[in-house]
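Breakdown of the fold
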Amino acid sequence: MTLFDYIDQHTSPETEALSFITRDTNVNVLNPHMLSGRVQGRLLAMLSRMIAPKRILELGTFTGYSALCLAEGLSDDGVLITLEHNDELEDTIRHNLSLSPLGEKIQLVMGDAIQSINHLPQDQLFDLVFIDADKREYCAYINKVLPLVRNGGWILADNTLWDGHIIDPAYDKDKQTVGLRQFNDFVAANEHLEQVIIPIRDGLTLIRKIK
């Protein structure tokens, strides 16, 4: 038994809808490793419950797994807006979201993330943002979303350890690795943020906007 097997066995089960999405994604969708997975999914759900957000923004829907996890913590009148650029996934996402009553709280927006953010109301702040889209654009994403996060609000950024590539010189010219390094350095140097990287799965950074 590996340590991850042990963690997996001692983590709460996922819902029936999430279990279906896991199976279907692994069978029918390209790059199924992009799915958050049960352990990280339970962490996302628990963090969302702790924050109890009224408004959540997600960058990168993939097949809808993480959106449904995050939606578990929404207030009764809360909403989650999720942005996805891959239009080939739209039908799959909409079907997967319909499997859970929480899907009614989720608004799917198809298109480029930056352009979609530009079209969001600038006076409606978010309590929680989850960044899990193009790794090359993480710095652009956080600069776009920071003005839309309330003071004291939270940003979660996925894949910030990038399978260890983040410290591997062999990946110095890899654009995704470079983008993530720049993002991590930006967050660490920003006096308006406090942060911690959790070494779960591929690295998850918890960021709080302090002013």
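Relevant structure appears above.
Described below are features of the structure shown in this document. Predicted model only: the values in this text are computed from it and were never measured. Counting restarts for each chain, with residues numbered from 1 along the sequence as it is written. Note on the predicted model: pLDDT of at least 70 is required for a residue's local features to be given, and 80 or more for side-chain atom pairs to be given and counted; whole-chain, interface and lining totals, by contrast, use all residues. By convention in this description, side-chain values take in all heavy atoms of the structure and omit both hydrogens and water.

1. Some details on the packing of aromatic side chains
The relative placement of two aromatic rings is captured by the distance of their centres and the angle of their planes. Which entries qualify depends on this criterion: Side-chain rings of Phe, Tyr and Trp, where Trp is taken by its six-membered ring, are said to pair if the distance between their centres is within 6.5 Å; with planes under 30 degrees apart they count as stacked, over 60 as edge-to-face, and otherwise as tilted. The way it works is that DSSP assigns letters per residue, a run of H or I at least four long becomes a helix, a run of E at least two long becomes a strand, and they are numbered from the N terminus. For each residue, the accessible area found with a 1.4 Å probe, counting protein chains only, is set against the maximum for its type, and the residue is called buried under 20%, exposed over 50%, and partly exposed in between.
The tally for this structure, following the rule as stated, stands at two aromatic pairs. Considering the side-chain rings of Tyr138 and Tyr141, the 6.2 Å spacing of their centres and the 50° angle between planes classify their relative orientation as tilted. Of this pair, Tyr138 and Tyr141 both sit in helix H7 (residues 138-145), three residues apart, roughly one helical turn. Across the pair, Tyr141 and Tyr138 agree in class, each one buried. Pairing Tyr138 with Phe183 gives two aromatic rings, centres 5.2 Å apart and planes at 80°, and the pair type is edge-to-face. Taken as a pair, Tyr138 in helix H7 and Phe183 in helix H8 (residues 175-189) lie far apart in primary sequence, 45 residues in all. Each member of the pair, Tyr138 together with Phe183, is buried. One aromatic cluster is present, built from ring pairs that chain together Tyr138, Tyr141 and Phe183.

2. Observations regarding the pairing of strand S6 (residues 193-198)
Looking along a regular strand, one sees side chains alternate from face to face of the sheet. Stated precisely, the cut-off is as follows: Strand pairing is assigned whenever DSSP identifies at least 2 bridges connecting the two strands.
Pairing geometry for S6 and strand S7 (residues 204-209), over six bridges, is antiparallel. Bridging from a neighbouring strand, Ile198 pairs with Leu204 of S7. Where S6 hands over to S7, the hairpin turn is made up of five residues, of which Arg201 adopts a positive phi near 55°.

3. Some details on the pairing of strand S3 (residues 106-110)
To be explicit about the condition: Orient the strands so they point away from the viewer, and a crossover whose first-strand-to-second-strand path over the helix runs clockwise is right-handed.
Sheet topology places strand S2 (residues 79-84) next to S3; five bridges connect them, and they run parallel. Of the residues in S3, the one forming a bridge with Leu83 is Val109. Between the parallel pair S2 and S3, the chain is carried across by helix H5 (residues 90-98), and the sense of this crossover is right-handed.

4. Here's the deal with the pattern of salt bridges
Put simply, the test is: Salt bridges are identified by distance alone: a Lys or Arg side-chain nitrogen within 4 Å of an Asp or Glu carboxyl oxygen.
Enumeration according to the criterion identifies 11 salt bridges in this entry. Asp134 is paired through a salt bridge with Arg136; the nearest N and O atoms lie 3.0 Å apart. Take Asp134: its relative accessible area is 25%, and that puts it in the partly exposed class. For Arg136, a relative accessible area of 49% translates into the label partly exposed. When salt bridges with common partners are traced through the structure, they connect Arg42, Arg49 and Glu72 into a single cluster.

5. Remarks on the side chain of Asn190
We apply this condition: Definition of a polar contact: a pair of N or O atoms within 3.5 Å, with one able to donate and the other able to accept a hydrogen when the atoms are protein atoms, and with sequence-neighbouring residues admitted only if both atoms are side-chain atoms.
Mapped onto the elements, Asn190 comes out in the loop between H8 and S6. Here the side chain of Asn190 touches His192 through a polar contact of 2.8 Å, landing on its backbone nitrogen.

6. Remarks on helix H3 (residues 38-51)
Formally: Expected span of a helix: the number of residues minus one, times 1.5 Å.
Given a rise of 1.5 Å per residue, 14 residues ought to cover 20 Å, and the 20 Å separating the end C-alpha atoms of H3 matches this to within 8%. The element H3 is largely enclosed, with a buried count of 10 among its 14 residues. Among the residues of H3, those classed as buried are Arg38, Val39, Gln40, Gly41, Arg42, Leu44, Ala45, Leu47, Ser48 and Ile51. A positive phi of about 50° marks Ala52, the residue just after H3.

7. Some details on the layout of surface pockets
Stated formally: Cavities and pockets are found on a 1 Å grid laid over the protein atoms alone: a cavity is a set of points where a 1.4 Å probe fits but cannot escape, a pocket is an open set with protein on both sides within 12 Å along at least five of seven lines, and a lining residue has an atom within 4 Å of such a point. Grid points are joined across faces, edges and corners, and a volume is the space filled by probe spheres set on the points. In the scheme used here, Gly and all other residues not listed as nonpolar or charged are polar, with Ala, Val, Leu, Ile, Met, Phe, Trp, Tyr, Cys and Pro taken as nonpolar and Asp, Glu, Lys and Arg as charged.
Its boundaries defined by the atoms lining it, the largest pocket holds a volume of some 980 Å³. Met34, His85, Asp132, Ala133 and Asp134 are, among the 38 residues lining the largest pocket, the residues nearest its centre. Of all the secondary structure elements, the ones that give two or more residues to the lining of the largest pocket are helix H4 (65-71), S2 and helix H6 (113-118). When grouped by side-chain class, the residues that make up the lining of the largest pocket number 13 nonpolar, 13 polar and 12 charged.

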